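# Descriptive analysis of the structure
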Amino acid sequence: MGDEEYQATLQRKHQERLAQFAVRRQERLAHYAVKKQTRTHHTENSNETAEAFLETFNKEKRQILHQLNELTDKTPVFERAAKFDVVLQNISNIWKFISDSLAFLPNYDVRRAQDIVKEVRLQVIEKRDLLMPKKKFAFKSRQRLTPSKTNKDKPLEEKNTISVITSLSSSNVGFSDRLDETLNLDSNECTGKDLNLSNISNCVLFTSRCCSIS
């Protein structure tokens, strides 16, 4: 092979390599273009999805606040528990909606949405405690079935009638240490004698003649 043929062969191989490099470069450029287009499309879709999330989230939040504002002290008591259950269930639903949207939401939007739901739930709990306070239980002492009767409530007929005479001396008659009794003193026993009463409380004394009381 002469020098001219050898140079021609080298030149041809060089041109082939340049052509291959050009093809590879075009392929890489095309790949980068497709990748960039895909990334741009994904970003646009993410933005659209995030906007749709915020729109739905704000709508659900307004609905919950509206339901909460409708609950007042004028709401019938028997309806309050059911209405609060509905509001709390809606809060659980919107919390699940946030969890399902984590894949395409920015971290800031996720944290902000979660904080808003926590604040709304706290408002619901505070209002529920205000409109539906928990009953306080207290132990009460057991009352007697029949109240005890005092001495004043006892009828006079129930008092024991005592006719026993305590002779203190030959010239004295009387009673001592008596409580809530009816005392009778015979006229023959007290004639000419002194009547002596000691430690007598709430008693009634019957005597037919007057005696001198000491």
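The rules behind each value
- Residues numbered from 1 in each chain as written.
- Predicted model: local features only at pLDDT ≥ 70, side-chain atom pairs only at ≥ 80, totals over all residues.
- Heavy atoms only, no water.
- Helix = DSSP H or I, 4+ residues; strand = E, 2+ residues; numbered from the N terminus.
- Buried < 20%, exposed > 50% of the residue type's maximum accessible area, 1.4 Å probe, protein only.
- Lys, Arg positive; Asp, Glu negative; His and termini not counted.
- Salt bridge = Lys/Arg side-chain N within 4 Å of Asp/Glu carboxyl O.
- 1 Å grid on protein atoms, 1.4 Å probe; cavity = no way out; pocket = protein on both sides within 12 Å on 5 of 7 lines; lining within 4 Å.
- Points joined across faces, edges and corners; volume = space filled by probe spheres on them.
- Nonpolar A, V, L, I, M, F, W, Y, C, P; charged D, E, K, R; others polar.
- pLDDT = per-residue confidence, 0-100.
- Contact = heavy atoms within 4.5 Å.
- Expected span 1.5 Å × (residues − 1).
- Phe/Tyr/Trp six-rings, centres within 6.5 Å; stacked < 30°, edge-to-face > 60°.

## What about the side chain of Arg-80?
Tracing the backbone shows Arg-80 in helix α2 (residues 77-100). Buried charged residue Arg-80 carries no salt bridge. Nearest counter-charge: Asp-73, at 6.2 Å.

## Concerning empty space enclosed by the protein
Counted under the stated rule, the structure contains 1 cavity of 30 Å³ or more. By volume, the largest cavity amounts to about 50 Å³. The wall of the largest cavity is formed by Phe-57, Lys-61, Ile-64, Ile-91, Ile-94, Ile-116, Val-117 and Val-120. For the lining of the largest cavity, a count of residues per class yields 7 nonpolar, no polar and 1 charged.

## Quick look at the confidence of the model for the protein chain
Per-residue pLDDT for the protein chain has a mean of 75; in total, 65% of the residues score no lower than 70. Residue range residues 154-168 is modelled with pLDDT below 50. Its contacts to residues more than four positions away, or to other chains, number 29 contacts.

## Here's the deal with helix α3 (residues 107-131)
For α3, with 25 residues, the first-to-last C-alpha span of 37 Å sits near the 36 Å given by 1.5 Å per residue. Within α3, the full set of buried residues consists of Asp-109, Val-110, Ala-113, Ile-116, Val-117, Val-120, Val-124, Ile-125 and Leu-131.

## Observations concerning the packing of aromatic side chains
One pair of aromatic rings is described through two measures. These are the centre distance and the angle between the planes. By the definition in use, this model includes 2 aromatic pairs. With 5.8 Å between their ring centres and 20 degrees between their planes, Phe-53 and Phe-57 make a pair best called stacked. Residue Phe-53 and its partner Phe-57 are located together in helix α1 (residues 3-70), separated by 4 residues, close to a single helical turn. For the pair Phe-53 and Phe-57, a shared accessibility class is recorded, and that class is buried.

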